[in-house]
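Residue strings, one per chain:
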Amino acid sequence: MATYIVLLGPPGVGKGTQAVILAQAIKLAHISSGDLFRGNIKNQTELGKLAKSYMDKGELVPDDVTIAMVRDRISQPDCKGGAILDGFPRTPKQAESLEKMLAEFGGCVDSVPYITADEAVLIERTSGRWSCRAQGHVYHQKFNPPKQAGVCDVDGSELYQRDDDKVETVTNRIHVYFEQTMPLVDYYRKLGKLIEINGVQPVEQVTNDLLAALRK
Ligand code: AP5
């Protein structure tokens, strides 16, 4: 049976960083809703234009288009064995839709690691983040610097700072997270699927805690 893991946590807590490592370690596909939107923006699709108008303000993209986009991704052959969902679901409606679509694929959400950190940590992490243009590899100017400033270690492409990582936009993203996504913490806790992980530790330690919790 396929395994589906939802990584929950506020903006900049390290979901994407951990999702990439976990996907390799436990051989699951990685689905990042933010990366899917950024791909659409790069390719100048209609969905990308719509998403950008919300993302630039730090608001959530409407549920219907977000759910359709993730549904399309999750039905791809590489997700047959399951996936790590990073950034989705983010609203109760998205969580309900996810359960329905996974039931169609013969699965369900198995576990929900919830990575935590306080606001000052989130601001420091997002304001120092650099991402690669080609494939979205993520660095941090202090915690995980590239070997050469401005250049991706993996594919040599240019590094850039996300438009929505400006402090005022991040502050709104955190506010939106508390208002619209926090209800999912209780939702998954009541289902017995939530696993709390301290995100204020070195990347390797967070990974160790995640892997230990998922093994249980
Ligand atoms: P999205 O791209 O999903 O952003 P997010 O959830 O706000 O998360 P981030 O990507 O900012 O952070 P992260 O937790 O992945 O941290 P990372 O590993 O990069 O969404 C962007 C926008 O798209 C949303 O605002 C919304 O508009 C839209 N959207 C996306 N999904 C949606 C949905 N489902 N519904 C509606 N709209 C949606 O790490 C951050 C930095 O910290 C990096 O520099 C990293 O190197 C560093 N770092 C990571 N871990 C550590 C550590 N342990 N110690 C020190 N540094 C660390």
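For the structure itself, look to the data block above.
A quick note: this is a predicted structure, and the numbers were derived from the prediction, not measured.

## Details of the sheet that holds strand 8 (residues 194-198)
The strands making up a sheet associate through hydrogen bonds between their backbones, and the pairing can be parallel or antiparallel.
Next up, step 1: Judged by pairing direction, the sheet is parallel, and its 5 strands sit side by side in the order 2-3-1-4-8 without closing on themselves. Unpaired on one side and paired on the other, strand 2 (29-32) and strand 8 mark the two borders of the sheet. Across the sheet, the axes of successive neighbouring strands diverge by a mean angle of 20 degrees, strand direction being ignored.
Next up, step 2: One ladder, built from 4 bridges, connects strand 2 with strand 3 (residues 82-86); its direction is parallel. Following the sheet pairing, I31 is matched in strand 3 by L85.
Next up, step 3: The strands that helix 5 (residues 92-104) touches are strand 1 (3-7), strand 3 and strand 4 (109-116); relative to strand 4, the one it contacts most, it runs at about 145 degrees.

## Let's talk about the site of the ligand
Next up, step 1: Taken together, 34 residues lie around the ligand, and T17, E59, R90, R129 and R173 are the ones closest in.
Next up, step 2: Between an oxygen atom of the ligand and a main-chain N or O atom of K15, the distance comes to 2.9 Å.
Next up, step 3: One of the side-chain nitrogen or oxygen atoms of R90 is found 2.7 Å away from an oxygen atom of the ligand.
Next up, step 4: When isolated, the ligand has an accessible area of 1000 Å², and the protein chains bury 96% of it.
Next up, step 5: Contributions of two or more residues to the shell around the ligand are made by helix 1 (15-26), helix 2 (33-42) and strand 6 (138-140).
Next up, step 6: Broken down by element, the residue count for the shell around the ligand peaks at 4 residues, all from helix 2.
Next up, step 7: In terms of residue class, the shell around the ligand is made up of 13 nonpolar, 12 polar and 9 charged.

## Thoughts on the nonpolar core
Next up, step 1: If you look at the biggest cluster of nonpolar residues, it comprises 30 residues, and the most contacted ones within it are L8, I74, L85, L98 and Y188.
Next up, step 2: For this core, the secondary-structure elements that each account for two or more residues are strand 1, strand 2, helix 3 (46-55), helix 4 (63-74), strand 3, helix 5, strand 4 and helix 8 (183-190).
Next up, step 3: Sequence-distant contacts of L98, defined by excluding residues within four places in its chain, comprise V6, I74, L85, F88, P89, V109 and Y188.
Next up, step 4: Among the nonpolar cores identified, the runner-up in size contains 21 residues, and V13, A19, L28 and I197 belong to it.

## With respect to the state of the cysteines
Next up, step 1: According to the stated counting rule, one finds 0 disulfides in the structure shown.
Next up, step 2: C79 takes part in no disulfide bond, and the closest cysteine sulfur to it belongs to C108, at a distance of 16 Å.
Next up, step 3: Not part of a disulfide, C152 finds its nearest cysteine sulfur in C132, a span of 3.9 Å.
Next up, step 4: On the basis of relative accessibility, which here comes to 3%, the residue C152 falls in the buried class.

## Side note on the sheet that holds strand 7 (residues 159-160)
Next up, step 1: Strand order in the open sheet formed by 3 strands is 6-5-7, with antiparallel pairing between adjacent strands. Looking along the sheet, the strands with just one partner apiece sit at the ends: strand 6 and strand 7.
Next up, step 2: Relative to strand 7, strand 5 (residues 129-132) is paired through 2 bridges, and the arrangement is antiparallel. Opposite C132, over in strand 7, you have L159 as the bridge partner.

Here is what the cut-offs are and how they apply
Residues numbered from 1 in each chain as written. Predicted model: local features only at pLDDT ≥ 70, side-chain atom pairs only at ≥ 80, totals over all residues. Heavy atoms only, no water. Pairing = 2+ DSSP bridges. Helix = DSSP H or I, 4+ residues; strand = E, 2+ residues; numbered from the N terminus. Axes fitted to C-alpha atoms, helices over the stretch in contact; angles between N-to-C directions. Contact = heavy atoms within 4.5 Å. Near = heavy atom within 4 Å. Polar contact = N/O pair within 3.5 Å; in protein donor to acceptor, adjacent residues only side chain to side chain. Areas by Shrake-Rupley, 256 points an atom, 1.4 Å probe, with all protein chains shown as cover. Nonpolar A, V, L, I, M, F, W, Y, C, P; charged D, E, K, R; others polar. Core = buried A, V, L, I, M, F, W, Y, C linked by side-chain atoms within 4.5 Å. Buried < 20%, exposed > 50% of the residue type's maximum accessible area, 1.4 Å probe, protein only. Disulfide = S-S within 2.5 Å.

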